[in-house]
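# Breakdown of the fold
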Amino acid sequence: AWVLSAWPPRDGAEDGILRRSSVREMARPANYAVPRPAEDPAGCPRSLSYGYGVIPFSDCVLGVHFGHSGGLPGYGSNVLFLPMRGVAVFAFANRTYAQASLPVREAANLLAQSGAFPERTGSLSPALEDMARVAERIYAAGDVLAVPAALAPNFLLDHSAAIRNPKIAELRSTLGDCRLADSQQSESAMNATVAFRCERGALKARIVLAPTSPPTLQTLEFVQ
């Protein structure tokens, strides 16, 4: 429970043992991820790497997760942490290096698919809140140049206003006016997919901040 409490990333008091960011760093891949074939019980491919004493994984059911096996003569164990769901599965067996990883993964898949452990997400950081309002203004104006000071230096080099604005116009003709939804969630302090309520449906905008001071828009993608 202490390890899992390091997720999601957030501000607030630390517990005095180890910073939450340091706990999360243990599960950060320290080398290149290796793709594995669809050997998972759920039938989807999985990537794996190595962190600081744990093995980070990613697949289509559990998302990002990490774990490790262990054993001694007469003993075997395995653990799998699902940090964004706040749950972990442990197995202990009285057999030397017991192959416990498969039942542990099967149990984790069942828990993830049960709906009882939805992914935990954080609220928008102040910078993301500001950029969400910028995205709202850009959509309302139908022009990515409506707030030029909010754009990162390479924003228009990736896709010019001449390419972006017709796509916004097409969305506006379909959805009408849109306003930010009351509740928003983020993947991190630097990126989020924000939701809009529209006259004729719903809209989302993927926002990624550039590491400038103050933060600016690196990415803005409107999707229906």
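Report on the accompanying structure. (Residues numbered from 1 in each chain as written. Predicted model: local features only at pLDDT ≥ 70, side-chain atom pairs only at ≥ 80, totals over all residues. Heavy atoms only, no water.)

## Quick word on the pairing of strand 4 (residues 63-72)
Keep this limit in mind: Here, strands pair whenever DSSP counts at least two bridges between them. Strands are runs of DSSP state E lasting at least 2 residues, helices are runs of H or I lasting at least 4, and numbering of each runs from the N terminus.
Across five bridges, the pairing between strand 3 (residues 55-59) and strand 4 is antiparallel. Following the sheet pairing, S58 is matched in strand 4 by V64. Linking two consecutive strands that pair antiparallel, namely strand 3 and strand 4, is a turn of three residues. Where strand 4 and strand 5 (residues 75-82) come together, seven bridges link them in antiparallel fashion. Counted as the bridge partner of H68 is V79 from strand 5. Here strand 4 folds back onto strand 5, and the loop between the two strands holds two residues, one of which, G74, carries a positive phi near 85°.

## Describing the sheet that holds strand 5
Here is the rule: In this analysis an axis means a line fitted to C-alpha atoms, helices contributing only their contacting stretch, and an angle means the value between N-to-C directions, from 0 to 180 degrees.
Taken in spatial order, the six strands line up as 1-2-3-4-5-6 in an open sheet, and their pairing is antiparallel. The open sheet has two edge strands, strand 1 (34-36) and strand 6 (87-93), and neither has a second partner. Each strand of the sheet is rotated relative to its neighbour by a mean of 25°, with strand direction disregarded.

## What about the sheet that holds strand 7 (residues 178-180)?
Filter applied, for reference: Residue contacts are counted whenever heavy atoms from the two residues lie within 4.5 Å of one another.
Ordered in space as 7-8-9-10, the four strands form an open sheet in which the pairing is antiparallel. Of all strands in the sheet, those bounded by a partner on one side alone are strand 7 and strand 10 (216-223). The mean angle between the axes of side-by-side strands here comes to 30°, regardless of whether they run parallel or antiparallel. With seven bridges joining them, strand 9 (residues 201-210) and strand 10 adopt antiparallel strand pairing. In the sheet register, V208 faces strand 10, and the bridge partner there is T219. In the packing of helix 3 (residues 126-141) onto the sheet, the strands contacted are strand 7, strand 8 (191-198), strand 9 and strand 10, and the crossing angle to strand 10 comes to about 55°. Packing against the sheet, helix 5 (residues 161-175) makes contact with strand 7, strand 8, strand 9 and strand 10, and its axis sits at approximately 150° to strand 9.

## A short note on the pattern of salt bridges
Defined as follows: When a carboxyl oxygen of Asp or Glu lies within 4 Å of a side-chain nitrogen of Lys or Arg, that pair is called a salt bridge. The cut-offs for exposure are 20% and 50% of the maximum accessible area for each residue type, with area from a 1.4 Å probe on protein chains only; residues under the lower value are buried, those over the upper are exposed, and the others partly exposed.
Enumeration according to the criterion identifies seven salt bridges in this entry. Between D177 and R172 there is a salt bridge; the shortest N-O distance is 3.7 Å. When its relative accessible area of 26% is taken as the criterion, R172 is described as partly exposed.

## Comments concerning the nonpolar core
Let me state the cut-off plainly: Here, the term nonpolar core denotes a set of buried Ala, Val, Leu, Ile, Met, Phe, Trp, Tyr and Cys residues that are joined through side-chain atoms within 4.5 Å.
V194, F196, L203, I207, L217, L220 and F222 are the most contacted members of the largest nonpolar core, which totals 30 residues. The greatest single-element share of this core, amounting to seven residues, is contributed by helix 3. In this structure F196 touches A132, A135, E136, C178, R179, L180, A181, A202, L203, K204, A205 and F222, once residues within four positions along its chain are discounted. In terms of nonpolar packing, the next biggest core, distinct from the first, is built from 14 residues, C44, L48, V87 and V89 among them.

## Observations concerning the pairing of strand 9
For strand 8 and strand 9, the ladder comprises eight bridges, and the chain directions are antiparallel. Residue pairing across strands places T193 opposite R206, the latter belonging to strand 9. Adjacent in sequence and paired antiparallel, strand 8 and strand 9 are bridged by two residues.

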